[in-house]
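# Residue-level structural notes
Chain residues, written in single-letter form:
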Amino acid sequence: MKRNPLTLIIGLLLIVIFGFLLFTFQVRTTDVAVVTTFGKPTRPITEPNLYCKWPWPIQRVWTFDRRVQNFEDRLTEGLTLDHFNLLTSVYVGWRVSDPATFFPRFAGSAKPMAAAEALLDQWLGNAKTAAVGRHPLSDFVSTTDDGAAFLAIENEILQTIQSQILTNNLGLQVEFLGLKRLQLPESVSQSVFDRMTSERKVLADGFQYEGEAEAQRIRSEAERRAAEVLSNAKARATGIEGEGEAEAAKSLKVFQQNPELASFIFRLSALEDSLKQRSTLIFDQRTSPFNLFGTGSTNLLTK
Amino acid sequence: MDKTIQKNGLINLLVLLGVGVAALAVARYANSLGGQVGSLYLGLGVLVAAVSWFQMHLEQRERLEKLELEELAKGRSGSALFEAKDAELFPAQRSREQFERFFVPGFTVLLFVLQAGGAFLLWRWLSRATTVTEVRQPITGLALFGLFALVLFLLGRFSATVARLEHHRLLRPGASYLLCNAVLCLVVALGLVAVWAGFPKADLYVAHALCALLALLALETLIQLVLEIYRPRLKGKVGRPLYESRLVGLLGQPEGLVTTAAQALDYQFGFKVSETWFYRFFAKALGWIILLQVGALLLSTAVVFIDAGEQALLERLGKLVESRSPLGPGAHLKWPWPIDRVYRFRTEQIQTFTVGFAPGTEIERERYLLWSRGHKAETNFLVANREQLTQAVTNLVTGKRTPPVSLLTVGVPVHFEVTNLVQWAYNHENAPALLEDLSTREVVRYLVGVDMGEIMSRGREEAGRALRSRIQTAADGRRLGARIVSVGVGDLHPPVNVVPEYEKVVSANQTKQAKILAARADDIRTNALALAQAVTLTNTASAERLAREVGALAEAALFTNQIPAFKAAPSVYPERAYLQTFVRATANARKYVLLTTNTQDVIVFDLQESVAESLLNLKVPAPKPQ
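Residues numbered from 1 in each chain as written. Chains lettered and ligands numbered in written order. Predicted model: local features only at pLDDT ≥ 70, side-chain atom pairs only at ≥ 80, totals over all residues.

### Quick word on the overall build of chain B
What counts here: Starting at the N terminus, helices and strands are each numbered in turn, a helix being any DSSP run of H or I of at least four residues and a strand any DSSP run of E of at least two. Exposure in this text rests on C-beta crowding, where 20 or more other C-beta atoms within 10 Å of a residue's own make it buried, 12 or fewer make it exposed, and counts in between make it partly exposed. The C-beta atoms are placed from the backbone. Residues are defined as contacting one another if the C-beta atoms placed from their backbone atoms lie within 7 Å.
Counting its secondary structure elements, chain B contains 19 helices and eleven strands. The buried share of chain B, reckoned over its 626 residues, is 32%. Of the contacts formed within chain B by residues at least 6 apart in sequence, a portion of 75% connects residues at least 24 apart.

In structure tokens, the structure reads:
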């Protein structure tokens, strides 16, 4: 059988490639690794490079991200010192600090990092609930202390977790922790909504009645000032009239020259003025000039 | 020679069995769905190779039996032995015939059931959410599947070549399965390469494709079974084994397709295209050309082009090349893959996330943004309420109370850019998520320390500045390598349930202002009218005063002139004056004159006002149409 050199080259090339892949492995800058030989951790690797190993199933390589892992725990309900229900969740930055210690702790899991986070989640739940119970709600929500109590609570939870990890020697390290969410349970939120609604109602009613009161005050003030102006005007008018009367009285001396005639003229004037309106007069024939209907007058006409 | 074929068949069987077990183990270890489905093909190959090997054994026995009989026949011709029936004379032949008549169809039916049932059950298994898991150690998986492919290919090619010899046809089904499984192992390995390259669903797609192929094989087997019923059976003609699949053969040896295509070309062009120098050169050099292409492809990975707005990190054997990182936009030389690898990031692009709700809903695309329209996955943040906190301190009572806080719906867009790529990529596993967490925490911390009324009104601008500064400090503290460009606080508002009450307050405030303004208008009108009336009063008084003064003077002057007239005619002048005045004064008066004065008559005057006749005849005007 004629041997094809191309087939041989390709075959050898493939064997080299697949062999290379089976007998070597890379550890990236972002990773740390643990090599196990028949399941036993034999070589922790913390420096990035190309390394050799025996192929699976003799040796296996477990790589873990060495960077800080960001993890947010579940929203859990707790009771504050002053008996308010509060939901909290935190984010945690943690990393694998010692792969040789970390790996056996979580080797039974298909995803060791996820298993570590699951454990942290449970511990965080306890630590958070305990910290929440030691503080009144005003330590979480306050306009006075510039957030000092808030930071203190975060530190409490962080220290609790760090001491737990240290005690149990997990090969991981929690770098930082922060309160990410502060919430109220649904039913409590509803009561806060109701209270906020009532506050708004108070404000709305306040505005409404303040408006009415202010309008009423402005109107009464206006009426008072109008009345004042009119009263002053009337007083002034009366004064003016009085001055006129006084001035007119100066001419009465002229009438004093013939009081009888003046009286007669005044009466005539008064008679004329009084009959200016519609009036009914009943005369008998003795009233001048109707006395002309009498005989004497008639005779004078015939003369 | 006959022993060789059996040995080859046995090797095929053992290799298929060994590789099948190993492939299943590797597939399960690597969580490769494609690998697990591919293992079924190897299992089918094992069955086919076992049956064909058994059939080889029967044929071998038959041949030996015939040889023995021929030898006997030469020595003892005409013996009674040869007068016996065929069945008694050729037990091996009879066994082979019984095997082909009953076992082979039965086995083919079993093969069909396995193929059809396997395709159905595996497809259903792949459709379950719990089936799909992350592929583990893809490099180990692809290397081993590549090796399996190589082993199967080499042995398959050898067996396929041997199968072309006379009496070796039964090697063909096993060889076909070897080659087909080599191709499938290569496909599985390529799927794992894709997973390694960042396409995690590639393995699932490969698994689905293999399921579909299995269904096709089942269909082919069914058709073969049906056709077998009507197949004309000619004496002495050896047919294909019923369980041998043409599709498997085609998949394992695709050059058969090329040969067919060449023959079609020959027929179409009218001359032997397949015998031209170009075709021959192409057929001969195709392998080298492909190898050259692969080499060129590998060499092309020695150049990397970074686009505008991007930066990249260069890693050599997993280690950051600090002297060359980060790579800026432009062309860069590097060692070919997999020695050097480049990881790209968009650093100059302004990136955005929103604290408080999930963006990307219809509401975000609307032209207006109202408090009353809720966002997707909106969260209510606790915010301090100075008045309530004071009341809570002064009224510490037990029992069910409403917390002395308010709730605020927040939409805070945070814009940032990456300024230090090494920190951004290497300090944190998920830097964008951490930045979002830090921002959310700062928003929460800020809100619980400010009064709601304040932040809703004049405190917004200050809140934007403070939040930007705090988030930047937090990001720097965690060495994120990001710069916070801006933080928007335009979308802070009360929760949707409370919004109508807030709007009512604004409405009430406006109503209040309206009422006050109306009262002020009334004020102006009342006082203006009063002033006008006052002026009228004083003017009237002044006029009357003048009239009084002038009238008094005129009357005095008149009286001064009347005195001489009276002195001149003391009786006539008064009489005349009286009568003149009487006429003027009574001109409009109704006058009754009683001429008889000495009678005792009672005269009754009706001085009652009577309604004028014209008033009684007034007509009411008709109503105007509306």
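### Some words on the interface of chain A and chain B
Facing the 109 residues of chain A at the interface are 109 residues of chain B. No other element matches the 41 residues that helix α6 (residues 186-249) of chain A contributes to the side of chain A that touches chain B.

### Quick look at the sheet that holds strand β2 (residues 31-37) of chain A
For sheets, the rule is that strands pair by backbone hydrogen bonds, running either parallel or antiparallel. All names here are of chain A. Heads up, the rule is: Being paired, for any two strands, means DSSP has found at least two bridges between them. In this analysis, axes come from line fits to C-alpha atoms, helices being fitted only over the stretch in contact, and the angle between any two N-to-C directions falls in the range 0 to 180 degrees.
Read across the open sheet, the three strands follow the order β3-β2-β5; overall the sheet is antiparallel. Of all the strands in the sheet, just β3 (40-45) and β5 (59-65) have a single pairing partner and so form its edges. The average undirected angle you get between the axes of adjacent strands in this sheet is 25°. Taken together, the five bridges between β2 and β3 define a ladder with antiparallel strand orientation. Note on β3: the bridge partner recorded for V35 is R43.

### Observations regarding the sheet that holds strand β3 (residues 319-320) of chain B
Residue and element names in this part refer to chain B. Across the sheet, which stays open at both edges, the three strands sit in the order β3-β2-β5 with antiparallel pairing between neighbours. Sheet topology places β3 and β5 (340-346) at the edges, where each strand pairs with a single neighbour. Across seven bridges, the pairing between strand β2 (residues 310-316) and β5 is antiparallel. Residue pairing across strands places E315 opposite R341, the latter belonging to β5.

### As for the packing of helix α14 (residues 431-447) of chain B against helix α16 (residues 460-477) of chain B
Each packed pair of helices is defined by two parameters, the angle between the axes and the distance between the axes. Residues and elements named next belong to chain B. Under the convention used in this document: Should an angle fall under 35 degrees it is called roughly parallel, over 145 degrees roughly antiparallel, and 65 to 115 degrees roughly perpendicular, with every other angle called oblique. Crossing handedness follows the turn of the near helix against the far one: under a right angle anticlockwise gives a left-handed crossing, and clockwise gives a right-handed one. In the scheme used here, Gly and all other residues not listed as nonpolar or charged are polar, with Ala, Val, Leu, Ile, Met, Phe, Trp, Tyr, Cys and Pro taken as nonpolar and Asp, Glu, Lys and Arg as charged.
Running from amino to carboxyl end, α14 crosses α16 at an angle of 135°, the nearest separation of the two axes being 9 Å. In this view, α14 runs oblique relative to α16, as classed from their interaxial angle. Classified by chirality, the crossing of α16 by α14 is right-handed. Taken together, the residues of α16 that come into contact with α14 (itself represented by L435, L438, S439, E442, V443 and Y446) are A463, A466, L467, R470, I471, A474 and A475. Residues of the contact of α14 with α16, tallied by class, amount to ten nonpolar, one polar and two charged.

### Remarks on the nonpolar core
Just so we agree on the cut-off: By definition, a nonpolar core groups buried Ala, Val, Leu, Ile, Met, Phe, Trp, Tyr and Cys residues that connect through C-beta atoms lying within 7 Å of each other.
One finds A:V92, B:F381, B:L382, B:V383, B:V443, B:L447 and B:V448 to be the most contacted residues of the largest nonpolar core, which totals 90 residues. Once residues lying within four places of it in the same chain are set aside, the contact partners of B:L447 are B:F381, B:L382, B:V383 and B:L408. In this structure, B:V46, B:L179, B:A182 and B:A202 belong to the second largest nonpolar core, which totals 66 residues.

### Re the pairing of β2(A)
Relative to β5(A), β2(A) runs antiparallel, the two being bridged by seven bridges. Considered in β5(A), the bridge of A:T36 is made with A:R60.

### Topic: the packing of helix α5 (residues 138-162) of chain B against helix α6 (residues 171-196) of chain B
All names here are of chain B. Direction vectors running N to C along α5 and α6 enclose 160°, while the axes themselves pass 7 Å from each other. It follows that α5 is roughly antiparallel to α6 by the angle criterion. Crossing of α5 against α6: the hand is left-handed. Looking at the contact of α5 with α6, its residues break down into 24 nonpolar, six polar and no charged.

### Describing the environment of A:G108
Residues and elements named next belong to chain A. Relative to the elements of secondary structure, G108 occurs in the loop between α2 (99-106) and α3 (112-133). Assessed through the 8 C-beta atoms surrounding it within 10 Å, G108 is described here as exposed. Considered as a pair, G108 and F25 are 83 residues apart in the sequence and their alpha carbons are 22 Å apart.

### Some details on helix α7 (residues 202-230) of chain B
Test applied: To estimate how far a helix should extend, the number of its residues minus one is multiplied by 1.5 Å.
If you check α7(B), its first and last C-alpha atoms are 43 Å apart, about what 29 residues at 1.5 Å a residue would give, namely 42 Å. Buried residues along α7(B) sit against α2 (33-75), α4 (91-127), α6 and α8 (246-252) of chain B.

### Here we look at unusual backbone geometry
Cis geometry is found at the peptide bond from A:W56 to A:P57, where omega equals 15°. The residue A:P57 is located in the loop between β4 (49-52) and β5 in this model. Here the residue pair B:S325 and B:P326 is connected by a cis peptide bond, since its omega of 0° sits within 30 degrees of zero. Looking at the secondary structure, you find B:P326 in the loop between β3 and β4 (330-333). You will see that B:Q137, though not glycine, has its phi angle at about 50°, which is positive. With respect to the helices and strands, the residue B:Q137 is situated in the loop between α4 and α5. The class for B:Q137 is buried, based on 22 C-beta atoms found within 10 Å. The backbone phi angle of B:R479 is positive, close to 50°, even though this residue is not glycine.

### Notes on the environment of B:T586
All names here are of chain B. Within the element layout of this structure, T586 appears in helix α18 (residues 572-586). For T586, a count of 16 C-beta atoms within 10 Å corresponds to the partly exposed category. The spacing of T586 and N181 is 405 residues in sequence and 145 Å in space, taken between C-alpha atoms.

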